Amino acid sequence: MTEKSENQISSLQPKLVVGIALALAFSLLLATIFLPKNDSYILYFDSPTDTKTSLPAIPNTPSTTDVEDTSSVESSKVSSTAETSSVVSTVSSTPVVVEENNIINYKSRQTYSMMWKGIENLCKEYPEFLSYSVYGKSTKGRSLPLVKMGTGAKKGLIVAGIHGTEHITTTYALRCIEDYCRAYVNGGRYGNYNLVDLFNKYTLYIVPNCNPDGSEIAHNGDSPLVSVANFKRWEYKANANGVNLNRNFPFYFDGINLMKNPKPDNEYYKGPSGGSEIETKELMELCNENSFSFMLSLHARGNITYWSDVITPNAGGITSGLCSKIQSVTGIVKTSSPTSNPSSYGGGFENWFRYTYQRPGICVELMNAGITGSTSGNEQNFDSHTIWYKTKYLFALTMDYVS
Ligand SMILES: [Zn+2]
C-alpha cells in the first residue's frame, strides 16, 4: 500500500464512524416507536417486580428473652423469615450483646444442658487452669459435674444446687469460676486477694449442681419419679425421689423428727435411711476420696451462714473465725449460737462433713435477705439478689483463711 492510499483511508474513517452512529441511533428510534410493550420485553430493562427474593436474609434483633435463654452467639443467628427491605439499612447497627462474662450467661437460669455447655466452654478457654469430670450419676441418670480450678496441693470443696429450686447457686458457682479464671490469667488481683498465690496453694473442687434432677423438676418441666406430697414445682427442693438431700446424710439421721411427711415430699422427707440417695452417696464418696480442707454448701434462702451444731460447735477450731471473716467481707451474717435441735442438724451435709472430718463445713445462704418467697433468687437480678459485689470474694477469702 502506497503512502497516498493510506492517507485516503485515514481521511475516510471519521465519516464512516459518524455514519454508523447515525444509523444506530435511527434504528433505536424506530424500535422505540414500533416494538410492542409486552412484559417479557420490559423485564430486560426494568428491575424485577418481586425484589424480596433477591434481598439478603436479615439477622434477628435479639429480644430480651432470646438473650436470657441462649448464648450471645445463638442470638445473632440469621432469620429466614425476614421480610422488608427497610430493615436492611439498620442491620449493621444491630447491637451485639456482649456480657461482662461472655461464656456464662449469668442473667439466665442454668438448665442442665446450659450448665454443661458452660462448663465445657470454660475449660476450653482456660485449659491450663480448669478441668472437669463426672463424679457420678443422679437418680435419673444425669451426669454430676465436677470442675477443678487451680494447681495447688490443698483441696477445698464447693457444692451448689443441693436444693432443686435454688438454681441461682449453680449460676453463682459458674460465674465465680469464670470471674476467677479471668482474674487469674490477668495477673491474679481480685479485690484484696492474689489468686495466683491462692491457686498455687489450692485446687478448688467445684460441683456446680449436685442435684440436677431437682433443678430440672423445679425449673425445666421435668417430673419426679414418684408421687410427691405438697408438690409445688417452683419451690421443689428434693431429688427425683422426693427426698431432701440435705436431710439424707448419715448424721443423727434418727433424730430428725420435723420432717413433716414420712413419704416423698416437696421438701419435708429425709428418705428411708441415711445415705439412701445416690446423690448423697456420690458426695460422700467424693469427700472420702479427697482430703478437703473445707466445704461450702451453697443455698439461696436468706443471707446467713449455718456453721455450728452442738455436736460440732467449732469444727477444726477455725470454723467460727472463718464465718466471722465471711461476714466482714461478704456481709453474710454469721449465726450466733450452735444449732441444738436434731431436726435442724440431723442429716445435713455440712453437719456430716464437720463431724466426719473435723474441718469447716458451712451452709452458706447466699441470697439477699430481702429476697424471700418461692423465687429463691432470680438471675435477671443476679447482681442485687446475690449481692455479687461482696459475695464474689467468698471462695478467695475462704482459701486465704484456711491456709
Ligand atoms: Zn437450700
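Residues numbered from 1 in each chain as written. Predicted model: local features only at pLDDT ≥ 70, side-chain atom pairs only at ≥ 80, totals over all residues.

**As for the overall build of the chain**
Okay, step 1: What the chain contains, in helices and strands, is 16 helices and 10 strands.
Okay, step 2: Within the chain, the proportion of its 403 residues that are buried is 41%.
Okay, step 3: For the chain, contacts bridging at least 24 residues in sequence account for 75% of all contacts bridging at least 6. (Helix = DSSP H or I, 4+ residues; strand = E, 2+ residues; numbered from the N terminus. Buried ≥ 20, exposed ≤ 12 C-beta atoms within 10 Å, placed from the backbone. Contact = placed C-beta atoms within 7 Å.)

**Regarding the confidence of the model for the chain**
Okay, step 1: Put simply, the chain has an average pLDDT of 79, and 73% of its residues get 70 or more.
Okay, step 2: Within the model, pLDDT remains below 50 along residues 1-12, and this stretch shows one contact once partners closer than five positions in the same chain are excluded.
Okay, step 3: Predicted confidence is poor over residues 26-98, with pLDDT under 50, and the contacts of this stretch with residues over four places away or in other chains come to 43 contacts. (pLDDT = per-residue confidence, 0-100.)

**Some details on the pairing of strand 1 (residues 130-137)**
Okay, step 1: Two strands pair when backbone bridges link them, and strand 1 and strand 2 (residues 143-150) are joined in this way by seven bridges, in the antiparallel orientation. Bridge pairing in strand 2 links Tyr132 to Val147.
Okay, step 2: Counted along the chain from strand 1 to the antiparallel partner strand 2, the turn is five residues long, and its residue Gly141 has a positive phi close to 90°. (Pairing = 2+ DSSP bridges.)

**Observations regarding the nonpolar core**
The tendency in soluble globular proteins is for nonpolar side chains to be buried side by side.
Okay, step 1: Membership of the largest hydrophobic core comes to 80 residues, with the highest contact counts inside it found for Ile158, Val159, Ala173, Ile177, Tyr180, Ile206 and Leu298.
Okay, step 2: Among the elements that take part in this core, helix 7 (residues 168-185) stands out by supplying nine residues, more than any other.
Okay, step 3: Those residues in contact with Tyr180 that sit more than four places away from it in its chain are Met149, Tyr190, Leu195 and Phe395. (Core = buried A, V, L, I, M, F, W, Y, C linked by C-beta atoms within 7 Å.)

**Considerations on unusual backbone geometry**
Okay, step 1: In this structure, Asn230 is a non-glycine residue whose phi angle is positive, near 60°.
Okay, step 2: On the secondary structure map, Asn230 appears in the loop between helix 9 (212-219) and helix 10 (278-289).
Okay, step 3: The class for Asn230 is partly exposed, based on 15 C-beta atoms found within 10 Å.

**Looking at the environment of Ile278**
Okay, step 1: Position of Ile278 relative to the elements: it lies in helix 10.
Okay, step 2: With 20 C-beta atoms counted inside 10 Å, the residue Ile278 sits in the buried group.
Okay, step 3: A C-alpha to C-alpha distance of 9.7 Å links Ile278 and Leu245, two positions 33 residues apart in sequence.
Okay, step 4: In this structure, Ile278 is in contact with Lys137, Ser138 and Thr139, ignoring residues within four places of it in sequence.

**Some remarks on the sheet that holds strand 7 (residues 292-299)**
Okay, step 1: Spatial ordering of the open sheet is given by 1-2-6-3-7-10-8-9, a layout of eight strands whose pairing is mixed. The open sheet terminates on both sides in strands that have one partner only, identified here as strand 1 and strand 9 (333-334).
Okay, step 2: Both strand 2 and strand 6 (residues 202-207) contribute to a ladder of four bridges, which runs antiparallel. The residue of strand 6 that forms the bridge with Lys148 is Tyr205.
Okay, step 3: Contacting strand 1 and strand 2, helix 6 (residues 112-125) runs over the sheet at an angle of about 145° to strand 1.
Okay, step 4: Its contacts with the sheet place helix 10 against strand 1, strand 2, strand 3 (154-160) and strand 7, and it is angled at close to 130° to strand 1. (Axes fitted to C-alpha atoms, helices over the stretch in contact; angles between N-to-C directions.)

**Comments concerning the packing of helix 6 against helix 7**
Okay, step 1: One way to put it is that helix 6 packs onto helix 7 with a least axis distance of 11 Å and a crossing angle of 10°. One element, helix 6, and the other, helix 7, form an angle in the roughly parallel class. Taken together, the residues of helix 7 that come into contact with helix 6 (itself represented by Met115, Gly118 and Leu122) are Thr170, Leu174, Ile177, Glu178 and Cys181.
Okay, step 2: Partitioned by chemical class, the residues of the contact of helix 6 with helix 7 number five nonpolar, two polar and one charged. (Parallel < 35°, antiparallel > 145°, perpendicular 65-115°, else oblique. Nonpolar A, V, L, I, M, F, W, Y, C, P; charged D, E, K, R; others polar.)

**Thoughts on helix 9**
Okay, step 1: The buried fraction of helix 9 is high, at seven of eight residues.
Okay, step 2: Of the residues making up helix 9, those classed as buried are Pro212, Asp213, Gly214, Ser215, Glu216, Ile217 and Ala218.
Okay, step 3: Buried residues belonging to helix 9 abut helix 6 and helix 7.
Okay, step 4: Positioned one or two residues after helix 9, Gly221 has a phi angle of 80°, which is positive.

**Considering the environment of Gly274**
Okay, step 1: The residue Gly274 is located in the loop between helix 9 and helix 10 in this model.
Okay, step 2: Residue class for Gly274 comes out buried when judged on the 20 C-beta atoms lying within 10 Å of it.
Okay, step 3: Between the C-alpha atom of Gly274 and that of Phe251, which follows or precedes it by 23 residues, the distance is 7.3 Å.
Okay, step 4: In contact with Gly274, other than residues within four places in its own chain, are Asn248, Phe249, Pro250, Phe253 and Gly347.

**Here we look at helix 7**
Okay, step 1: With 18 residues, helix 7 ought to run about 26 Å at 1.5 Å a step, and its terminal C-alpha atoms sit 26 Å apart, in line with that.
Okay, step 2: Most of helix 7 is tucked away, with 14 of its 18 residues classed as buried.
Okay, step 3: Following helix 7 by one or two positions, Gly187 adopts a phi angle in the positive range, close to 110°. (Expected span 1.5 Å × (residues − 1).)

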